[in-house]
Amino acid sequence: MFDAAIVGGSFAGLSAALQLARASRSVLILDEGRPRNRMSPAAHGVPGWDGVPPTEILARFRADLAKYPTISLMDGRAEDISGGLDAFMVTTEARSPVHARRIILTHGVQDVLPDLPGLAVAWGRTVLHCPYCHGYEVKGRPLAVLASGPMAAHQAHMLRADWSEEVTVLVNGVEGFDAPALEAAGIRIDDRVPLRLVPRNGIRVSFQNGPDAEFAAIFTAPGIDLTGSPADRLGVSLSEGPMGPYVRTGPMRQTDIPGVFAAGDLATPMWNVNFAVGDGARAGAGCHQSLLFPDLIEAIEKEAV
């Protein structure tokens, strides 16, 4: 019986584990080895690690945890989570059950990318989601926003304000734009149908008609999906964000299921390495407090609701 089983071993999960390790609590981290930002060559805006590949940062996190004898890591996927407070059971791919008093969900989300040939290959390199994470490296150069929903106008205004004077919205069949507001801000609108993306020194867009267009990078807001995830199978309550659902948590990152905590991209509508690390630390501390003072944690969470 572990004190906690952490489902997902990326930034939030490892940060949560570190808090529990320093309290000498027994923790199992179950990880598939597929961090969401694995395609990105560098993580930016992370103090002390700016520009370092995310895989290298995670390797350092794991090296830090290796110093603590109460931490165990297991490769694999959580197929099911059952039981309840002080008696959870996690079934893995190998069907070997893991028993834990608490659960911390940090398995992230599934990105739902626009269905456009060439986009998946360029995702995380020249097709990007976050100006804070990637905008500085392409500032002052022609940029595009590939519309996938209402966040496109928001992204375009951000990029035009502080990153580039040449911003184009690729409408991509999405309706509902305030064209006059975009044009008044100096943002171009291209309502042609894009056919494919071709990574070059930047990225080229081919259209159904007319000439190709070249950009230093394209920004887009992917949808997110939790269907079939451990959080989904557990049945924790969700909130709806601008890109899709995320797990609803209280101040100490406990979900509406007692003893189940959540942190990182699956528990927030805003995604960033820094947010994930801080969120994981809070979930780890909340989990530890729950092991010591379960009634107090329940009172805090109920008061917040």
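Here, every reference points to the structure presented above.
Here the structure is a predicted model, which is why all the values come from computation and not from measurement.

Conventions adopted
Residues numbered from 1 in each chain as written. Predicted model: local features only at pLDDT ≥ 70, side-chain atom pairs only at ≥ 80, totals over all residues. Heavy atoms only, no water. Salt bridge = Lys/Arg side-chain N within 4 Å of Asp/Glu carboxyl O. Helix = DSSP H or I, 4+ residues; strand = E, 2+ residues; numbered from the N terminus. Axes fitted to C-alpha atoms, helices over the stretch in contact; angles between N-to-C directions. Left-handed = near helix turned anticlockwise from the far one by under 90°. Contact = heavy atoms within 4.5 Å. Nonpolar A, V, L, I, M, F, W, Y, C, P; charged D, E, K, R; others polar. Pairing = 2+ DSSP bridges. Phe/Tyr/Trp six-rings, centres within 6.5 Å; stacked < 30°, edge-to-face > 60°. Buried < 20%, exposed > 50% of the residue type's maximum accessible area, 1.4 Å probe, protein only. Core = buried A, V, L, I, M, F, W, Y, C linked by side-chain atoms within 4.5 Å.

(A) Highlighting the pattern of salt bridges. Summed over all chains, the structure comprises 15 salt bridges. A salt bridge links Arg 60 to Asp 64; the nearest nitrogen and oxygen atoms lie 3.4 Å apart. Note that Arg 60 and Asp 64 are positioned in helix α2 (residues 54–65) at a spacing of 4 residues, about one turn of the helix. Measuring nitrogen to oxygen at the nearest pair gives 2.8 Å for the salt bridge that ties Arg 204 to Glu 214. In this pair, Arg 204 sits in strand β13 (residues 202–207) while Glu 214 sits in strand β14 (residues 213–215), placing the two residues 10 residues apart along the sequence.

(B) Fine view of the packing of helix α1 (residues 11–21) against helix α8 (residues 273–292). Contact geometry of α1 with α8 gives a least axis separation of 7 Å together with a crossing angle of 35°. The way α1 lies across α8 gives a crossing that is right-handed. Across from Phe 11, Ala 12, Ser 15, Ala 16, Gln 19 and Leu 20 in α1, the residues of α8 making contact are Val 273, Ala 276, Val 277, Gly 280, Ala 281, Gly 284, Ala 285, Cys 287 and His 288. Residues that form the contact of α1 with α8 fall into these classes: 10 nonpolar, 5 polar and no charged.

(C) Structural context of the sheet that holds strand β12 (residues 194–200). Strand order in the open sheet formed by 3 strands is β12-β13-β14, and the pairing between neighbours is antiparallel. Pairing within the sheet leaves two strands with one partner each, and these edge strands are β12 and β14. If you compare each strand with its neighbour and ignore which way they point, the axes differ by 25° on average. One ladder, built from 6 bridges, connects β12 with β13; its direction is antiparallel. Paired with Val 198 across the strands is Arg 204, a residue of β13.

(D) Local environment of the packing of aromatic side chains. In this structure the tally under the stated criterion is 2 aromatic pairs. Note on Phe 11 and Phe 61: the rings are 5.8 Å apart at their centroids and 85° apart in plane angle, and the pair reads as edge-to-face. Of the two residues, Phe 11 sits in helix α1 while Phe 61 sits in helix α2, which places them 50 residues apart along the sequence. Classification of Phe 11 by relative accessible area gives buried; the value is 5%. Centroid distance Tyr 132 to Trp 163: 6.0 Å. Interplanar angle 80°. Geometry classified as edge-to-face. Taken as a pair, Tyr 132 in helix α4 (residues 131–134) and Trp 163 in the loop between α5 (151–162) and β10 (167–170) lie far apart in primary sequence, 31 residues in all.

(E) Here's a closer look at the nonpolar core. One finds Ile 29, Ile 71 and Ile 104 to be the most contacted residues of the largest nonpolar core, which totals 27 residues. Elements with a minimum of two residues in this core: β1 (2–7), α1, β2 (27–31), α2 and α8. When residues in this core are grouped by element, the largest group, 7 residues, is from α1. Leaving out residues up to four positions away in the same chain, Ile 104 has contacts with Ala 5, Ile 6, Val 7, Ala 16, Leu 20, Phe 261, Ala 283, Gly 284 and Cys 287. Judged by nonpolar contacts, the second largest core, of 26 residues, contains Ala 78, Ile 224, Met 243 and Trp 271.

(F) Layout of unusual backbone geometry. The residue Asp 86 is not glycine, and still its phi comes out positive at about 70°. Structurally, the position occupied by Asp 86 is in the loop between β4 (78–84) and β5 (87–92). Despite not being glycine, Arg 253 has its phi angle at roughly 70°, a positive value. Checked against the element boundaries, Arg 253 lands in the loop between β18 (244–247) and β19 (260–262).

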